[in-house]
Amino acid sequence: MTASEPGVPSAAARAAAGSAGAADPCAPVGLSEVADLLILGAGPAGCAAALRALQLRPDARVVLMDAADFPRDKACGDGIAPHGLDVLRALGVSDAVAGYRSVDRMRLRTPGGAEVATPCRRANHVVPRTVFDARLVAAARARGAVLLRRRARSVVAGGSVDEPVVVVNGDLRARVVVGADGANSTTRRALGIGPNPPEALAIAVRGYADAPHTSGPPEQLIEMTDEGWPAYAWSFPIGDGRANIGYGMLRSKLAALHGDAAGRTVLHGTLARMLPDQPAHPGTLRAHHLPLSTWRPRQPDGPVLLAGDAASLINPLTGEGIYYALLSGSLAGAAAVTATPARAGAAYRKALDRELGRHLRHTALLAGLAGRRRTLMDSAVRAARHRTELYDNLVEIGLGRGTIPTASVARLALRKLALPG
Ligand SMILES: Cc1cc2nc3c(=O)[nH]c(=O)nc-3n(C[C@H](O)[C@H](O)[C@H](O)COP(=O)(O)OP(=O)(O)OC[C@H]3O[C@@H](n4cnc5c(N)ncnc54)[C@H](O)[C@@H]3O)c2cc1C
């Protein structure tokens, strides 16, 4: 379908309405029409998909559907890596972190007493997701995406082999659907793909607290603990007098150490114990799952694509997921409007592998090693204190698309094989 069909607003008209803030988020969008792209979930992955699709095909009919009203909160550390801003810049979004200062120092502490606090080569930002995500939604609407407030309950691929049509909730039809509906993705279930197993699924609680008073420059603190290793607490100053604080660990470790029922008590209690000087403001503690990329489902062929957390794209070493959500969403949006619907899944799978395949394989190797032998993290952090290039590479691996230097891959793989478990 094209924007020139009767009854269908052109992309330009939709963009004008969106940028003026005049579009009704629940506006009827001609449910009898087939959208070119229907995106389920308007977080970073979903917005990036919409922005990229409309960048490549401004006349495409793109619908962005979310169960929540924006602005909405999302349990998150709110840490935005510079790599995510690179993706946004390429998508034509330059104001996602406007008004928030950058933080270029990170302090890493390991349970074995190793510590490094060095400026990163590129600064991070800490922007509450209520603000960051709403800005992305506004940018997608300004470009012409139609925002629908609705929960996806069913996703059914039908039509013919040559002309597939995906039907959502029985009444919304699209040539291609991007499932960007987060860690508990309905789209993923509809594809018959189960959740991550507990050893590749983390859970973390986030709160807001007063930022620590320090005379030095602001820094992001990551304090690891061997209780339930690999696990860590964080404190990320926002710049408005508050810090985002939190604590996370693997579900498998939580269950093994405490049993599943104790989750809330353990997460809240450990956070309070690890950051005693930063009690969480009442009512701000909120937990959510993190599907780690150590167990990624294979993107199927066809017209239903998974991006961001729905595709288990969270870095297993750091829990960072916004950059990967933006990048995968952008690639999914491109595949959706450049490949035929029947080939969209394969095209997206290839693009994702090209961009992130090596990085994902290497982070899986490192997470396997570090998870079994905590002292490796102590050694890495100790060495990074004295070797800037190693520190920079660790940051790239944890926050971006960094890889292990070729000379070390075989040695590390052998080391992993030799470790028990
Ligand atoms: C406690 C915690 C701390 C974290 N800290 C960081 C951090 O500091 N930095 C970082 O980079 N990453 C962090 N992450 C990971 C990061 O939050 C995610 O990777 C990121 O939000 C993924 O973006 P997404 O667009 O895939 O999914 P989401 O941001 O989860 O967005 C999914 C959207 O889909 C909507 N939705 C869900 N189900 C449906 C449905 N059925 N129908 C319609 N809409 C639906 C939701 O309302 C939501 O708006 C953290 C995660 C947690 C849990």
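Residues numbered from 1 in each chain as written. Predicted model: local features only at pLDDT ≥ 70, side-chain atom pairs only at ≥ 80, totals over all residues. Heavy atoms only, no water.

1. Focus on the domain arrangement of the chain
The line we're drawing: Here the limits of each domain have been adopted from an automatic or database domain assignment. Every residue pair with non-hydrogen atoms within 4.5 Å of one another is taken to be in contact. A quick way to say it: buried area is the sum, across both parts, of accessible area lost when two parts are put together, with a 1.4 Å probe. Within this document, salt bridges are pairs made up of a side-chain nitrogen of Lys or Arg and a carboxyl oxygen of Asp or Glu, the two lying within 4 Å of each other. For this analysis, a polar contact is any N or O atom pair within 3.5 Å, provided that within protein one partner can donate a hydrogen and the other can accept it, and provided that sequence-adjacent residues contribute only side-chain to side-chain pairs.
Segmenting the chain into domains produces domain 1 (11–73 + 131–195 + 294–357), domain 2 (94–128 + 197–291) and domain 3 (358–418). The interface is formed by 16 residues belonging to domain 1 together with 16 residues belonging to domain 2. With both chains or domains summed, domain 1 and domain 2 bury close to 1400 Å², and 53% of this area falls on carbon and sulfur atoms. Considering only the surface of domain 1 that becomes buried against domain 2, Asp73, Phe132 and Arg135 emerge as the three largest contributors, covering 38% of it. Scanning the region where domain 1 abuts domain 2 turns up 2 salt bridges. A salt bridge links arginine 206 to aspartate 73, with the nearest nitrogen and oxygen atoms 2.9 Å apart. The tally of links from domain 1 across to domain 2 stands at 9 residue pairs in polar contact (both at pLDDT 80 or more).

2. Quick look at helix α7 (residues 263–274)
Where we set the bar: Secondary structure elements follow DSSP: runs of H or I no shorter than four residues count as helices, runs of E no shorter than two count as strands, and numbering proceeds from the N terminus. Under the convention used throughout, the expected extent of a helix is 1.5 Å for every residue step, that is, one less than its residue count. Each residue gets one of three labels from its accessible area relative to the maximum for its type: buried under 20%, exposed over 50%, partly exposed in between, using a 1.4 Å probe on protein chains only. The arc in question is the one traced by the directions running from the helix axis out to the C-beta atoms.
In this model, α7 (12 residues) spans 16 Å end to end at C-alpha, consistent with the 16 Å of a helix rising 1.5 Å per residue. Along α7, the residues that are buried comprise Gly263, Val266, Leu267, Thr270, Leu271 and Met274. On an axial view of α7, the arc spanned by its buried residues comes to 120°, and they lie on one face. More than 90 degrees from the buried face of α7, the exposed residues found are Arg264, Thr265 and Ala272. Tucked inside the fold, the buried residues of α7 contact β10 (201–210), β11 (219–225), β12 (231–237), β13 (242–250), α6 (251–258) and β14 (286–291).

3. Remarks on the environment of valine 155
By secondary structure assignment, the location of valine 155 is in strand β7 (residues 155–159). Along the sequence, valine 155 and arginine 286 sit 131 residues apart, while their C-alpha atoms lie 29 Å from each other. With residues up to four places along the chain from it excluded, the contact list for valine 155 reads Leu40, Val166, Val167, Val168, Thr187 and Ala190.

4. Observations regarding the pairing of β12
We apply this condition: The pairing criterion for strands is at least two bridges between them, as found by DSSP.
Taking burial as the measure, the 7 residues of β12 include 7 buried ones, the bulk of the element. As judged from the 5 bridges shared by β11 and β12, these two strands associate in the antiparallel manner. Across the sheet, the residue bridging to isoleucine 222 is tryptophan 234, located in β12. Count of turn residues in the β11/β12 antiparallel hairpin: 5 residues, of which glycine 228 carries a positive phi of about 80°. Taking the residues that link successive antiparallel strands as the turn, the β12-β13 hairpin has 4 residues, and the phi of glycine 239 there is positive, at about 110°.

5. Quick notes on the environment of methionine 224
Mapping methionine 224 onto the fold places it in strand β11. Separated by 20 residues in the primary sequence, methionine 224 and asparagine 244 place their C-alpha atoms 16 Å from one another. Sequence-distant contacts of methionine 224, that is, excluding residues within four places in its chain, are made with Leu108, Arg109, Thr110, Pro111, Trp229, Ala231, Tyr232, Met274 and Met377.

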